Amino acid sequence: MLDFMFIFFASLALLGGLLMAFHPNIVHSAFALVAALFGVAGLYWTLGADFLGATQVLLYVGGITVLLLFAVMLSTRDAARISIARYALMAPIVGLLGAFLVTTGKALVPIVRAAGGALGPTEPTTEKIGNLFMDPTAFMLPFEILAVLLLVVLVGAITLARRGEEDAA
Amino acid sequence: MDQLLSFIIFSPMIGLLAIMFMPKGSKEAIRAIAAAATFVPFLLSTILWFQFDSSVPGMQFVERMPWIDALGVEYYLGIDGLSVPLVWLTGLLLFLGTFASFGIEKGVKGYMMLLLLLEVGINGVFCSLDLFLFYVFWEVMLLPMYFLIGVWGGPRREYAAIKFFLYTLAGSVLMLLGIVALYLAASGQGVATPFSIPVLSELVSSGQLTGNNLVDQGMLLGWPYLKWIFVVFFIGFAIKVPVVPFHTWLPDAHVEAPTPISVILAGILLKLGTYGILRINLGMFPQIASEPAIAYTGAILGLVAIVYGAFVAMAQTDFKRMVAYSSVSHMGYVLLGASAFTSAGLNGAAMQMFTHGTSSALLFLIVGVAYDRAHHREIEGFGGLASVAPTYTGITTIGMFAALGLPSMSGFISEALVIIGTWQVYPLLASIAVIGIVITAAFILWTMQRVFLGPLNEKYKDFKDVTPREIFTMAPLAFLCVLFGVLPMILLDKMELAIESLRQLLNA
Amino acid sequence: MSETLASHLTALKPEIWLTGTILVMLVLDLLVGKRSARTVGVFGLIGIGGAMWALMNQSSVPVRAFGLISIDTYSIFFRALIISATGIVMLHGMVFRGIEDETRAEFGPMLVGAALGACLLVSTDNLIMLLVGMELLSLCSYVMAGWQKKERRSAEAGLKYLVYGAMASGLMLFGFSLLYGLSGSMWMPEIALAVSEAWSLGDAGQHMIVVIASTLVFVGFGFKISAFPFHFWAPDVYEGSPTPVTSMLAVASKTAGFGVLIRFVDTVYLDLTIAEDWLGRFGYVIAVLAAITMTYGNVTAVKQNNIKRLLAYSSIAHAGYLLMGVAVMTTATVDNRAAVGIGMESILFYLVSYYIATLGAFGCAMAFANRFGAETLEDYEGLGWSSPWIGACFIIFLTSLVGLPPAIGLIGKWLLFKATLSVGLDWLAVIAALNAAVALFYYFKIARALFLRGDTDYQEGLASKGVIPGLAHLSLIVLAIFTVYFGLMWDGIMEWVSEAVM
């Protein structure tokens, strides 16, 4: 069952990714991205990372892709059409990358198994993650620093964007 | 006056700082400060000359204190008979050079600051007894010289400056390589002060420092480790001298440099190369230097410089270029004399460094005077100046005669000593070197004839004789040329013990 | 619990100062309005000064904070460089003509944010914290690089930096995940154990994981230090970014990159149990990369005409010199770990010399751009006569970058060469020496343009009067004095460096 789930989600992610990269219509690409991100979320679930999977769906599928679609729709139609030929060169690179991932994956799986790593659903992780984030001896500092990061980047993004308006005016 | 040497080295810095805060426009004040700032070290080095006790062997006025403990670098100064005359000559030439620079109108502030910085570097090199300190001072001279030629030079100044810079830098990189190699060998043996020249000389000449700890059997690519160090030091200094075939930067630098800088370049900077050869190559590696093949190579190089320099000088049509090539020829005597390891040869070499310092400096000042008035330096373009500028002709005659080695002139004594000293060891080379003297006499007399004698070139019938300021810069040098020709013992006495200990070291 | 929290926070005082500075600057920006952007900057400077003060008061006894950060002499050394560089860049940013006044106030928080990220980056030995620190540094840098949006080059620089940077962090993250898969830990010492075990006991597949993970991690670090072949972003980004940002990237960001790289190499690979044959190969690759990086940087710099671009390539070359030290470190064996100390010491010292001279050189470039709009070698002709002080400072910085006495750069090169020779990497030392000669050539193109070319007449430029521009100019002169002073009296720096070497 687990194997089936893995194969299903993995192919969803892979096919979605390929479709997104190579589809000439950018709107279709965006929808393919939704499939790919869903596939990744599914992979998280099969690995027992329920919180991560849920966050993936909420943030990426729900939030970011919708934003992307808005951006695509608001931009002009010409920009939405991209010739596939320009990306033909990418094919061998993608192939090499795939081969590389397969090789490392093959070597990695036995190690994770031997280390007793979970390849099946175990128990809910949300609470654990929450505790780790608030534990001063665990990951409290990175969590807080990420808050600073978001703040600073927000300010930066606004500054850059606002001056964009001034230029247009 | 325990810190006399430090005062001599660093007193120009005070003037430099003072000039730094002067407004750019007040040229007269800047010149006055510069003259004062070069007068102080001149005065101090005169005191040094008289206080130096020539009956005591070894280093005097020693100042020694730790500088960088991590590497065992010391602030280690001291002088012996070899360096005293050169320090005094530096003080004199920089002082006169400052006066000769009063005619410069462009960027006076920067010019004077660089000149003072140059003096710090030169005196530092002559007084350093620590290789690291020596190297730092050596490089301190590099940048001021680059800018002095590159900014205030003639039409092709940029080319001349970069050529000078690259040649000298190549030499100093080789020198640095030698210093590092010595340091690695010495510190590997646990020497506490692996840069100190006296300590290293002692270790090397007693055979305790061989580089065995770094390379197998002390051999590197078929040569002893120390021999490599000797060679890189030698090439480094030979570029500065310059020894043929490293001499090509010199004519360009001289021709493009402004007159005072040519004076300092010929008068002192070239001596740094031969001083390095005497102090480091001969003083630190006497066994290697006295190997017959090495010594003979040195003598041959000196001879080539003498003869080749003289021939090329004769072929020049540019007055300044001629003087520059005659410098190549004259510096050859130093190398030839130093390679003979006889008392006369070494004394001649050391004295030639001083006498050439005075006579070549005088000649460049003379060329400068002609150029200031005529705005060209073609030897053929003058003629009969003796009739309109008698004082000028008189001083020129002294300078030229000193350069060609006329008896009763200083050049005669030193060149004769070199030839005699060489004759005792290499009679063949000594007799060829005499050819050099003959050619030198020929081209100098010929130049005299073309410039000063014969019918007056009508263009120059208003040629002004030398001004008092020019006389002030040239007369002391002319006086010295005669003085040391008549009373060479003043100079030789100072150097005697230093030369004698060097000779014993080499003939041990 | 609260007591431990307090002790954790005490250990992070400089970082708290920096965070506070960001917040104060943002709030002040709202309160005082756009007209007094400089007030915000002054508060930023005060905050950075506070951070520096807190840092200097940290004891040299190692402390661990939050289980992720180790406050030791090593991290104090790197943070001192980063924070002080940020202060100088902040000062220069306040007078830079090119950042419009209405956005000057927002620029400060970005800069301090980058410094905060860099400080955390060099202090941590946990991969999660490392990643967060690096992202904070990178994201702030991306924004700053594209700050002059009206300038096409700046916008391009920001975008280019973002694209390459995101790819580099992605690859590095993948390397981290492989290391995590190997060891089950994010903590470097535990990863070290797992790596050496995988190498000595594992099969070919495990070896491959170690190699691939190391390569990917090195992509991330190599990007930050702009080592070949991850340097492609550097020239365009350095040229396009506002000059203060360029000097931040060239100094603080690169210093942080080396800080984390050395700690990673030291902790993960130079652990006592590491397999020597693996280390030998890794070290060989680093040595070759060092040689290519410096040669590429120097040779390409010769052809440059734009000063910032020239300095960018020179900064690539200096990354190559610094990598020499890393190569020296990797020659250590289980029995003889002396090479680690020698290599690290030489890198740290070289970083100090690079820091002073590069900050100064970019500062001078900025001063000339401000006053005369000069950017290329042709523009520079004769400018030394119009601003003799800045021109003379520029010469001193260039002297140091070449490695001529009496500047501190000579000592840095001396120590690096000595380290390289002492472990038998002679060929690398020879290549580096040849590179120094090439470097001389292009650095002196600037000197030549400033003083030898053009007429010596005074050229009228935009005068910049006031306290802050005066301070900015003064900072250059102080840096120039440091360059010479520490070139002659470097015992103190040497002691500080040896203390910092763990």
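Per-chain numbering applies: the sequence of each chain, read as written, is numbered from 1 onward. As they are written, the chains are lettered A onward and the ligands numbered 1 onward, keeping that order. Given that the model is predicted, a residue must reach a pLDDT of at least 70 before its local features are reported, and side-chain atom pairs must reach 80 or more before they are shown or counted; all residues, however, enter totals for whole chains, interfaces and linings.

### Some thoughts on the overall build of chain C
And step 1. Labels follow the DSSP assignment, with helices taken as runs of H or I lasting at least four residues and strands as runs of E lasting at least two, numbered in each case from the N terminus. In terms of regular secondary structure, chain C is built from 20 helices and two strands.
And step 2. Radius of gyration (C-alpha) of chain C: 22 Å, near the 23 Å computed for a compact globule of 502 residues.
And step 3. Here a residue counts as buried when 20 or more other C-beta atoms fall within 10 Å of its C-beta, as exposed when 12 or fewer do, and as partly exposed in between; the C-beta atoms come from the backbone. Out of the 502 residues belonging to chain C, those deemed buried represent 64%.
And step 4. Whether two residues are in contact depends on their C-beta atoms, placed from the backbone: they are in contact if these lie within 7 Å. Considering only intrachain contacts with a sequence separation of at least 6, the fraction spanning at least 24 residues in chain C is 78%. The size measure is the radius of gyration over C-alpha atoms, and the globule rule it meets is 2.2 Å times the number of residues to the 0.38 power.

### Some points on the overall build of chain A
And step 1. Assigned secondary structure in chain A consists of six helices and zero strands.
And step 2. Along chain A, from the amino end to the carboxyl end, the secondary structure elements read α-α-α-α-α-α.
And step 3. The buried share of chain A, taken over its 169 residues, is 17%.
And step 4. Here the analysis covers contacts within chain A between residues at least 6 apart in sequence; of these, 61% occur between residues at least 24 apart.

### Points about the arrangement of the chains
And step 1. The chain pair with the greatest number of contacts, out of two pairs of chains in contact, is formed by chains A and C.
And step 2. A gap remains between chain A and chain B, with no contact made and the closest C-alpha atoms lying 40 Å from each other.

### Comments concerning the environment of S84(C)
And step 1. Note that S84(C) resides in helix α4 (residues 73-95).
And step 2. Sequence separation between S84(C) and M52(C) is 32 residues, and the spatial gap between their C-alpha atoms is 7.0 Å.

### Remarks on the interface of chain A and chain C
The figure often quoted for interface size is the accessible area lost as the parts come together.
And step 1. The interface of chain A with chain C comprises 26 residues on the first partner and 37 residues on the second.
And step 2. When contributions to the side of chain A that touches chain C are tallied by element, the ones reaching two or more residues are α4 (90-114) and α6 (140-168) of chain A.
And step 3. For the side of chain A that touches chain C, the element with the most residues is α6(A), which contributes 16 residues.
And step 4. Each residue belonging to the side of chain A that touches chain C can be placed in one class, and the counts come to 19 nonpolar, five polar and two charged. Each residue gets one of three labels, nonpolar for Ala, Val, Leu, Ile, Met, Phe, Trp, Tyr, Cys and Pro, charged for Asp, Glu, Lys and Arg, and polar for the others, Gly among them.

### Details of the confidence of the model for chain A
And step 1. Summary statistics for chain A give a mean pLDDT of 73 and a share of 67% for residues scoring 70 or more.
And step 2. Per-residue confidence from the predictor is reported as pLDDT, which spans 0 to 100. Per-element confidence in chain A ranges from a low mean pLDDT of 61 for α4(A) to a high of 85 for helix α5 (residues 126-134) of chain A.

### So, the pairing of strand β2 (residues 73-79) of chain B
Residues and elements named next belong to chain B.
And step 1. Across the seven residues that make up β2, a large majority, five, are buried.
And step 2. As judged from the six bridges shared by strand β1 (residues 60-68) and β2, these two strands associate in the antiparallel manner. Each bridged residue has a counterpart across the sheet, and for I68 the counterpart in β2 is V73. Pairing between two strands is assigned when DSSP locates at least 2 bridges connecting them.

### Examining the interface of chain B and chain C
And step 1. Each side of the interface is counted separately: chain B has 18 residues, and chain C has 15 residues.
And step 2. Secondary structure elements with two or more residues in the side of chain B that touches chain C: α5 (131-140), α6 (142-152) and α7 (157-188) of chain B.

### Observations regarding the packing of helix α13 (residues 292-315) of chain B against helix α19 (residues 427-452) of chain B
Residue and element names in this part refer to chain B.
And step 1. Axes here refer to lines fitted to C-alpha atoms; in helices the fit is confined to the stretch in contact. Angles between the N-to-C directions go from 0 to 180 degrees. In contact at an axis separation of 9 Å, α13 and α19 are set at 20° when each is read in the N-to-C sense. Classified by the angle their axes make, α13 and α19 are roughly parallel. Considering only the axes of α13 and α19, their crossing is left-handed. On the side of α13, the interface is formed by A299, L303, I306, V307, A310, F311, A313 and M314, while α19 contributes L429, I432, A433, I435, G436, I439, T440, A442 and F443. Relative orientations are named as follows: roughly parallel for angles under 35 degrees, roughly antiparallel for angles over 145 degrees, roughly perpendicular for angles from 65 to 115 degrees, and oblique for any other angle. Two helices that cross are described as forming a left-handed crossing if the nearer one is turned anticlockwise from the farther one by less than a right angle, and a right-handed crossing if clockwise.

### Side note on α6(B)
And step 1. A large share of α6(B) lies buried, amounting to eleven of its eleven residues.
And step 2. Listing the buried residues of α6(B) in full gives L142(B), L143(B), P144(B), M145(B), Y146(B), F147(B), L148(B), I149(B), G150(B), V151(B) and W152(B).

### Points about unusual backbone geometry
With the exception of glycine, most residues fall at negative phi, and the peptide bonds are largely trans.
And step 1. The omega torsion across V244(B) and P245(B) is 10°, close enough to zero to call that bond cis.
And step 2. Mapped onto the elements, P245(B) comes out in the loop between α9 (225-240) and α10 (249-256).
And step 3. In this structure, the amide linkage connecting F228(C) to the following residue, P229(C), adopts the cis form with an omega of 0°.
And step 4. Positioned with a positive phi, F341(B) is a non-glycine residue whose angle comes to about 60°.
And step 5. Structurally, the position occupied by F341(B) is in the loop between α14 (319-340) and α15 (343-374).
And step 6. Even without being a glycine, S408(B) presents a positive backbone phi close to 80°.

### Here's the deal with the environment of A234(C)
Residue and element names in this part refer to chain C.
And step 1. For A234, the location among the structural elements is in helix α10 (residues 233-240).
And step 2. For the pair A234 and I316, spaced 82 residues apart in the sequence, the C-alpha separation amounts to 7.9 Å.
And step 3. Beyond its immediate stretch of four places on either side in the chain, A234 contacts S226, A312 and I316.

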